[in-house]
Protein chains: 2
Amino acid sequence: MTRWKPGARERLAAAAFELFVEQGFAATTVPQITERAGLTTRTFFRHFADKREVLFAAEDELPAVVDAQMAHAPEGMDPLQLIEIGLREVANDRFDGLHDYLRTRRAIVRSDSGLRERELRKSLILAEAATTGFRNRGEDDFTATLAAHISVTAFNIAIDRWLDQDDPLPLPDIVSETLMRLRAITSDPLP
Amino acid sequence: MTRWKPGARERLAAAAFELFVEQGFAATTVPQITERAGLTTRTFFRHFADKREVLFAAEDELPAVVDAQMAHAPEGMDPLQLIEIGLREVANDRFDGLHDYLRTRRAIVRSDSGLRERELRKSLILAEAATTGFRNRGEDDFTATLAAHISVTAFNIAIDRWLDQDDPLPLPDIVSETLMRLRAITSDPLP
């Protein structure tokens, strides 16, 4: 039962998500999804490459968000300041209110090795967008690559920590906590 | 032409690698691999789940290596010291002399989205092994997870930097350089 009826894309996504929850990702077919949404298979493939992409559609915009955000951040910030402000902003703008949905989504992704690999690719795409962002702000390639990948790694760990909580703290606070912990780990002097 | 003839597994791996280089990963079939190796398809599937796994066979042992290494490292090291010693050791023991092979392997992996995703999963498996290692050394879950994932992120960036070099510096030195850079990025004070 689809309980809301906005555009075709949203109806398809809602129907797919319901079916993934009810019967599992592997057992769900595109015809089942379109039948529940009351739409045709042709319409489905106009919006999504396959059933897997339904779970990743919302994240497609993230690289562009990262781009815009890094381009507009004030001058003169060092990478970690930029990382903290940027990740808190993304957490606030794009994750607020989605705790329960994202927790269910995480369970679906974890149930299937293809989905887990796709999720990892999403992180890589994001890290590449952030690398470009740091480079455009004048960081050298090495620093840009490292800062970007570390940001995405820290963000993923923060999101996981957030989704583990039944009565969750705000994600932006968990982001700050994660970066503080990262700083503690890496500030110990080398031998 | 297979130029060396040790065990079946090695012959299959060498034949597959040659074919991936000559005609691409996608165009290579298991029967072509077994024909070149002078072995049967049945033998192939006794050693590898599919042609993709040929490229990941050597890394299957890495989690166990990480486990053993972390269990035997001296007491009282902080996470970053442990990371540096551990990664330098892995670089030395498992990567030395493989620069050209790994550069070619990287080109094959980059040519195929399925391989790229599998490569990311490999990193995740490694990060999970390292998380367990840190936890067994008494770190709390949060620090263990973060230290492990940061280690793998830094190691991957170090390997990439190494493979980018035509006349490569020793990988252990690039590992140390990467961790120093990481420390520089994260030691800047937060606002």
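The coordinates are above.
The structure displayed is predicted, hence computed values, not measured ones.

Calculation criteria
Residues numbered from 1 in each chain as written. Chains lettered and ligands numbered in written order. Predicted model: local features only at pLDDT ≥ 70, side-chain atom pairs only at ≥ 80, totals over all residues. Heavy atoms only, no water. Least-squares fit on C-alpha atoms with pLDDT ≥ 70 in both. Contact = heavy atoms within 4.5 Å. Helix = DSSP H or I, 4+ residues; strand = E, 2+ residues; numbered from the N terminus. Expected span 1.5 Å × (residues − 1). Buried < 20%, exposed > 50% of the residue type's maximum accessible area, 1.4 Å probe, protein only. Polar contact = N/O pair within 3.5 Å; in protein donor to acceptor, adjacent residues only side chain to side chain. Salt bridge = Lys/Arg side-chain N within 4 Å of Asp/Glu carboxyl O.

## Regarding the relation of the copies chain A and chain B
Item 1. For the pair chain A and chain B, the relating rotation is 180°, the translation along its axis is 0.0 Å, and the fit reaches an RMSD of 0.0 Å. Viewed as a symmetry operation, the transformation between the two copies matches a two-fold axis. Closest approach to the rotation axis among the C-alpha atoms of chain A is made by Glu 117 of chain A, whose C-alpha sits 2.5 Å away.
Item 2. Take the interface residues of chain A: 100% of them recur as interface residues in chain B, which is what a same-surface contact looks like.

## A short note on helix α9 (residues 141-164) of chain B
Residue and element names in this part refer to chain B.
Item 1. Taking 1.5 Å per residue, 24 residues should reach 34 Å; α9 reaches 35 Å between its end C-alpha atoms and fits that length.
Item 2. Burial within α9 is extensive, with 18 of its 24 residues counted as buried.
Item 3. For α9, the N-terminal cap is Asp 140; the gap from its side-chain oxygen to the backbone nitrogen of Phe 142 is 3.1 Å.

## Here's the deal with the pattern of salt bridges
Item 1. Taken as a whole, this structure holds 34 salt bridges over all chains when the rule is applied.
Item 2. For Asp 141 of chain B, the salt bridge identified is with Arg 135 of chain B, shortest N-O distance 2.6 Å.
Item 3. Classification of Asp 141 of chain B as partly exposed rests on a relative accessible area of 46%.
Item 4. Through salt bridges that share partners, Arg 52, Glu 53, Arg 118 and Arg 121 of chain A together with Glu 117 of chain B make up one connected network.

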